[in-house]
Amino acid sequence: MEVKIEESWKKELQEEFDKPYFASLVEFVRNEYHTKTIYPKAKNIFNAFNLCPFNKVKVVIIGQDPYHEEGQAQGLCFSVPNTIAMPPSLINIYKEIQQDLGIAPTQAGDLSRWAKQGVLLLNATLTVEQHKAGSHQGKGWEEFTDSVIKIINQKKENVVFLLWGSYAIKKGELINKDKHLVLTSAHPSPLSAYRGFFGNHHFSKTNIYLQSHGKMPINW
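Residues numbered from 1 in each chain as written. Predicted model: local features only at pLDDT ≥ 70, side-chain atom pairs only at ≥ 80, totals over all residues. Heavy atoms only, no water.

### Thoughts on the packing of helix α2 (residues 20-35) against helix α6 (residues 141-155)
- Where α2 meets α6, the closest approach of the two axes is 9 Å, and the angle between their N-to-C directions is 125°. As summarised for this structure, α2 and α6 are arranged oblique, according to the angle between their axes. For α2 against α6, the interelement crossing comes out left-handed. Across the interface between the two elements, Tyr 21, Phe 22, Leu 25 and Val 29 of α2 pack against Trp 141, Glu 143 and Phe 144 of α6.
- Residue classes in the contact of α2 with α6 are distributed as 6 nonpolar, no polar and 1 charged. (Axes fitted to C-alpha atoms, helices over the stretch in contact; angles between N-to-C directions. Helix = DSSP H or I, 4+ residues; strand = E, 2+ residues; numbered from the N terminus. Parallel < 35°, antiparallel > 145°, perpendicular 65-115°, else oblique. Left-handed = near helix turned anticlockwise from the far one by under 90°. Contact = heavy atoms within 4.5 Å. Nonpolar A, V, L, I, M, F, W, Y, C, P; charged D, E, K, R; others polar.)

Below, the structure written as structure tokens:
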């Protein structure tokens, strides 16, 4: 199947695109876009991949599914356009960055600048119906994004995986911890941030690890 995605990812994922489940997923998603309001915009479904080519991946942050209100989702987990009010989880992420690295919080919710430095901002489910959180779960996206994690695990070395919250932490079962650094904590949501996200020092730990393996740190 022909999928519009950045070339290095297309090469790595072509076997997935040719599997029956992916054809069924495409049919489902295409019908949803034709009949309902779906986020993100169709052109941004693979934005995380397009902004962070396979050979540039240094860090992977795993979210669950896209924001489901008007104008928020842009194909990058936790990220919103700069014109949109910042969601509570992202506010808490910036609070931890300030506490960890002394970087004053920005008012920019768009995390494209992270993606372009090698941070794959991967939601486990890449589409969602307006006002209906989790509405596209169990349709095939999770199989696809699990394969993405497995390919990174297998073909790359010394990648940092940031897994926040129980849903993301379960993805750690797919990762070889002898080859990669896996950091886990509570989710940055206001419901759980004070139970271990604040004070996790994941951003400084990530940069220390990257530098120790000869890689440029991330400008958070």
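There's more to say after this.
### Looking at unusual backbone geometry
- Here the amide bond leading from Tyr 39 into Pro 40 is cis, since omega sits at -5°, within 30 degrees of zero.
- Inspection of the secondary structure assignment puts Pro 40 in the loop between β1 (38-39) and α3 (47-51).
- Phi at Asn 158 takes a positive value of approximately 60°, unusual for a residue other than glycine.
- Structurally, Asn 158 is set in the loop between α6 and β5 (160-164).
- Judged by its relative accessible area of 18%, Asn 158 is buried.
- Phi at His 201 is positive, roughly 55°, even though this residue is not glycine. (Buried < 20%, exposed > 50% of the residue type's maximum accessible area, 1.4 Å probe, protein only.)

### Comments concerning the side chain of Lys 10
- Of note, Lys 10 is situated in helix α1 (residues 7-17).
- Beyond its immediate chain neighbours, meaning those up to four positions away, Lys 10 contacts Glu 2, Val 3, Ile 5 and Phe 17.

### Considering the sheet that holds strand β6 (residues 181-185)
- Reading across from one edge, β3-β2-β5-β6 is the order of the 4 strands in this open sheet, with parallel pairing throughout. Sheet topology places β3 (119-123) and β6 at the edges, where each strand pairs with a single neighbour. Taking each pair of neighbouring strands and ignoring which way they run, the sheet shows an average axis angle of 20°.
- As defined by bridge partners, strand β2 (residues 59-63) adjoins β5 across 3 bridges and the pair is classed as parallel. (Pairing = 2+ DSSP bridges.)

### Observations concerning the packing of helix α4 (residues 88-101) against helix α8 (residues 202-212)
- Put simply, α4 and α8 touch, their axes get as near as 8 Å, and they point 60° apart. With respect to their mutual orientation, α4 and α8 come out oblique. Facing α4, whose interface residues are Ile 93, Glu 96, Ile 97, Asp 100 and Leu 101, α8 presents His 202, Phe 203 and Ser 204.
- Residues of the contact of α4 with α8, tallied by class, amount to 4 nonpolar, 2 polar and 2 charged.

Read these as spatial facts, not as claims about activity.
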